[in-house]
Amino acid sequence: MIEAFWVPLLPPYLIGLVLSWVVETLLTPRPVAPWRRPAAAIGVHVGVWTLAFALELALFRRPYFGVFNVLAVQLLIVLVSNAKYRALREPFVYPDFEYFTDAIRHPRLYLPFFGVTRALAAGGGYGAALWAGLVLEDSVTAGAGIWLVSFAELPQEHMFDPTAPMVPFFVHALGLAMAGIALAAFAGMRNTVCLDASVDLRRLGLVAALWSYGLCERQTADDLRASAPFSGARLPEVLPDPMPDLVAIQSESFFDARRAYSKLLRADILANFDLLKSEAVAHGQLKVAAWGANTVRTEFAFLAGMEQGDLGIHQYNPYRRLAKRGFPTIASYLKSLGYRTVCVHPYHRGFYGRNEVLPALGFDEFIGGEAFAALPKDGPYVGDRALADFVNGILQGSERPLYVHVITMENHGPLHWETVSETDVGDVLTGRMPKECEELVSYARHLRNADAMFGMVRDALIKRRRPASLCIFGDHVPIMPNVYRALGELEGTTDYVLWQTAVRAGAPVQPEQVSALSRLWLRTSGLLTVRTTEKNQARPSEAPGNPRMSCMES
């Protein structure tokens, strides 16, 4: 009878459930104890555990091995979350699941921060455990003879019935899985989140927080699109004639590092940036939507003019769902004025789904890594100097007013995988290199190349007959954990400058938000007059299925 092995399944099920809460104690930040969480969060955790256990049971028909598999997956997410928190000050969130496939396609961007040794140990350990589980634990349906190993004769005292019919077994396993889904769905509708990843993780635990964020992501974003700043942008009464070319350089990991390390870094590493600031219409520190990585958060904030908090769940990766379905941006606005809109990024077109997203955001053309195969690299990526030459070529070949958004790549890192020489040290530092500061030398070496790019584009714009405006900003500060341990952590702001060929008067320092930068740029260029409805941004509702609450600890 199939009931003969359902009762013995209870011990592995309960042991695994308890251990799943134990695994969560390894998280940083650590969730509160299960008995201090909302009942709905407990319900989601139990439901998801039940579903995962049932699926593993149906797949492997070895309950203890199934428990091990589920816990192994959970432990992997915990390790990834902790690695992310160490590097980026943020735990794992639901939109991050797509990064598992990105890590396979682009291992250099992810593996160094998880750890090569840790990755190899995890893969080898799981392989050994897989072998041991299949060999040492009998299948609950071994007598049916359809699994990897057929146990023709099993001891009578075996806890499972070796003659269990297969159809009833799978029916029961499916029923258990459906019960888990029903419990998770019912409880999940009653959870509330504030969409601060650390707060929600502490309050709800890993499983319930991920489930709730998944629900939030499925809600409609039509209200966000309707209230987006560029959906209500108004033309000035008189447009410039001719309209200026516009070049935005979104410089990878760029900030004026001399602010933080003035006694270490040479002043001339950003000589061109200093020149641009002396001639700027606006410049200063920039509050960005990311720290250390997650470039698309800052990228989307600039393009769409949206504050991070107004995006709800989409603040974590606006390109995952929100932007793919179109969104009003500076590119779509300029396109409506007759501009040719081009985005240039010397890396894989499909990274972050930009090949789908950027046309939906209003770009006429997206030039990706395929156009840069023959260009010189500086480190593992296309160098900023070569990228400047490429952009200047685009400018020379256009008669229409042009908006070019450039996303650089050279200074991406991982910086701790690069080597530095005494020549590099002398080129960027004022004296000897402090201990554990190789990352800073690598960073400043690339920073000097970024500065050269700024100067090359400035010179090209001056030589054009059409007036032009240049916007330069950093997407986030770099990841330099050794430097931060030795010299202290950064505040997290980057730097920006707005410059025009027609205006050569230095402006006072003006701190700015990245979400307001593109509109400030257009206003100073005479292409926008009205600051649109920023304060009326729609926020996700608090209805069931789109759970939201204020970010207060409970």
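See the structure shown above.
Position numbers for residues count from 1 along each chain, tracking the sequence in the order it is written. Local features in this predicted model are restricted to residues whose pLDDT is 70 or higher, and side-chain atom pairs enter the listing and the counts only when it is 80 or higher, whereas totals over whole chains, interfaces and linings include all residues. As a rule here, side-chain values come from all non-hydrogen atoms in the structure, and water together with hydrogens is ignored.

Undergrad: Just give me the short version of the overall build of the chain, but keep the residues and values in it.
TA: For the purposes of this entry, the term helix denotes a DSSP run of H or I that reaches at least four residues, the term strand denotes a run of E that reaches at least two, and both are numbered from the N terminus. What the chain contains, in helices and strands, is 20 helices and 10 strands. Only protein chains enter the accessibility calculation, which uses a 1.4 Å probe. A residue is then buried if its area is under 20% of the maximum for its type, exposed if over 50%, and partly exposed in between. Residues classed as buried in the chain amount to 56% of the 554 residues present. Each accessible area is a Shrake-Rupley estimate made with a 1.4 Å probe; only the visible protein chains count as cover when residues are assessed. Of the roughly 23,200 Å² of accessible surface on the chain, 60% is carried by carbon and sulfur atoms.

Undergrad: How would you explain the environment of F100 if you had to name every residue and give the values?
TA: Of note, F100 is situated in helix α5 (residues 99-105). Counting along the chain gives 20 residues from F100 to V80, while the straight-line C-alpha distance between them is 9.7 Å. Only heavy atoms enter the contact rule, under which two residues are in contact if any of them lie within 4.5 Å. Those residues in contact with F100 that lie beyond four places of it in its chain are L76, I77, V80 and F92.

Undergrad: Let's hear about empty space enclosed by the protein: which residues, and what values?
TA: The pocket and cavity definitions rest on a 1 Å grid over protein atoms only: a 1.4 Å probe that fits but cannot leave marks a cavity, an open set with protein on both sides within 12 Å along at least five of seven lines marks a pocket, and residues lining either have an atom within 4 Å of a point. Grid points are joined across faces, edges and corners, and a volume is the space filled by probe spheres set on the points. Throughout the structure, instances matching the rule amount to three cavities of 30 Å³ or more. When its volume is computed, the largest cavity comes out at roughly 60 Å³. If you go around the largest cavity, the residues you meet are P91, F92, V93, A197, D200, L201, L206, A209, L210 and Y213. For the lining of the largest cavity, the elements supplying multiple residues, two or more each, are α9 (197-204) and α10 (206-217). A per-element tally of the lining of the largest cavity places α10 first, with four residues. Ten residues, namely Ala, Val, Leu, Ile, Met, Phe, Trp, Tyr, Cys and Pro, are considered nonpolar, four, namely Asp, Glu, Lys and Arg, are considered charged, and the remaining ones, Gly among them, are considered polar. Looking at the lining of the largest cavity, its residues break down into nine nonpolar, no polar and one charged.

Undergrad: With reference to specific residues and values, describe unusual backbone geometry.
TA: A cis amide bond links T28 with the next residue in sequence, P29, at an omega value of -5°. Relative to the helices and strands, P29 resides in the loop between α2 (10-24) and α3 (39-60). In this structure, the amide linkage connecting D241 to the following residue, P242, adopts the cis form with an omega of 5°. For P242, the position within the fold is in the loop between α11 (222-226) and β1 (245-251). A positive phi angle, near 55°, is found at R61, a position not held by glycine. The residue R61 is located in the loop between α3 and α4 (63-88) in this model. A positive phi angle, near 65°, is found at R89, a position not held by glycine. Positionally, R89 belongs in the loop between α4 and α5.

Undergrad: With reference to specific residues and values, describe the side chain of S251.
TA: Along the polypeptide, S251 turns up in strand β1. Excluding its chain neighbours within four sequence positions, the residues that come into contact with S251 are T408, A450, F454, F473, G474 and D475.

Undergrad: Pulling in residues and values, what's your account of the pairing of β1?
TA: With seven of its seven residues buried, β1 lies for the most part within the structure. Burial of β1 is two-sided: the residues D245, V247, I249 and S251 facing one way and the residues L246, A248 and Q250 facing the other way are all buried. Two strands qualify as a pair provided DSSP detects at least 2 bridges between them. With seven bridges joining them, β1 and strand β8 (residues 468-474) adopt parallel strand pairing. Bridge pairing in β8 links I249 to I472.

Undergrad: If you had to explain the sheet that holds strand β3 (residues 340-344) to someone new, which residues and values would you point to?
TA: Pairing is mixed in the open sheet, where eight strands are placed in the order β4-β3-β7-β1-β8-β9-β2-β10. Strands at the two margins of the open sheet, each flanked by one partner only, are β4 (365-367) and β10 (512-513). Across five bridges, β8 lies against strand β9 (residues 494-500) in antiparallel orientation. By the bridge assignment, F473 is partnered in β9 with Y496. Sitting on the sheet, helix α12 (residues 271-278) is in contact with β2 (282-287), β8 and β9, with an inclination near 55° to β9. Lines are fitted to the C-alpha atoms to define the axes, a helix being fitted only along its stretch in contact, and any angle between axes, read from their N-to-C directions, falls within 0 to 180 degrees.

Undergrad: Explain a nonpolar patch on the surface residue by residue, including any values.
TA: Among the surface-exposed residues, I15, V18, L19, V22 and Y64 lie close enough to one another that they form a single nonpolar patch of about 430 Å² accessible area. A per-element tally of the nonpolar patch places α2 first, with four residues. Residue placement: V18 occurs in helix α2. Patch criteria: residues need more than 30% relative accessible area and no salt bridge. Like-charged residues are merged within 9 Å; nonpolar side chains of Val, Leu, Ile, Met, Phe, Trp and Tyr are merged within 5 Å. A pair is scored as a salt bridge if a Lys or Arg side-chain nitrogen falls within 4 Å of a carboxyl oxygen belonging to Asp or Glu.

Undergrad: Explain the pairing of β2 residue by residue, including any values.
TA: Bridging between β2 and β9 involves five bridges; their strand directions are antiparallel. Directly across from A282, in β9, lies its bridge partner L498.

Undergrad: With reference to specific residues and values, describe the pattern of salt bridges.
TA: For the structure shown, the criterion picks out 26 salt bridges. Of the charged contacts in the structure, one is a salt bridge between R320 and E98, with a shortest N-O distance of 3.4 Å. In this pair, R320 is assigned in the loop between α13 (295-304) and α14 (330-336) and E98 in the loop between α4 and α5, connecting sequence segments 222 residues apart. A relative accessible area of 19% means that R320 is categorised as buried.

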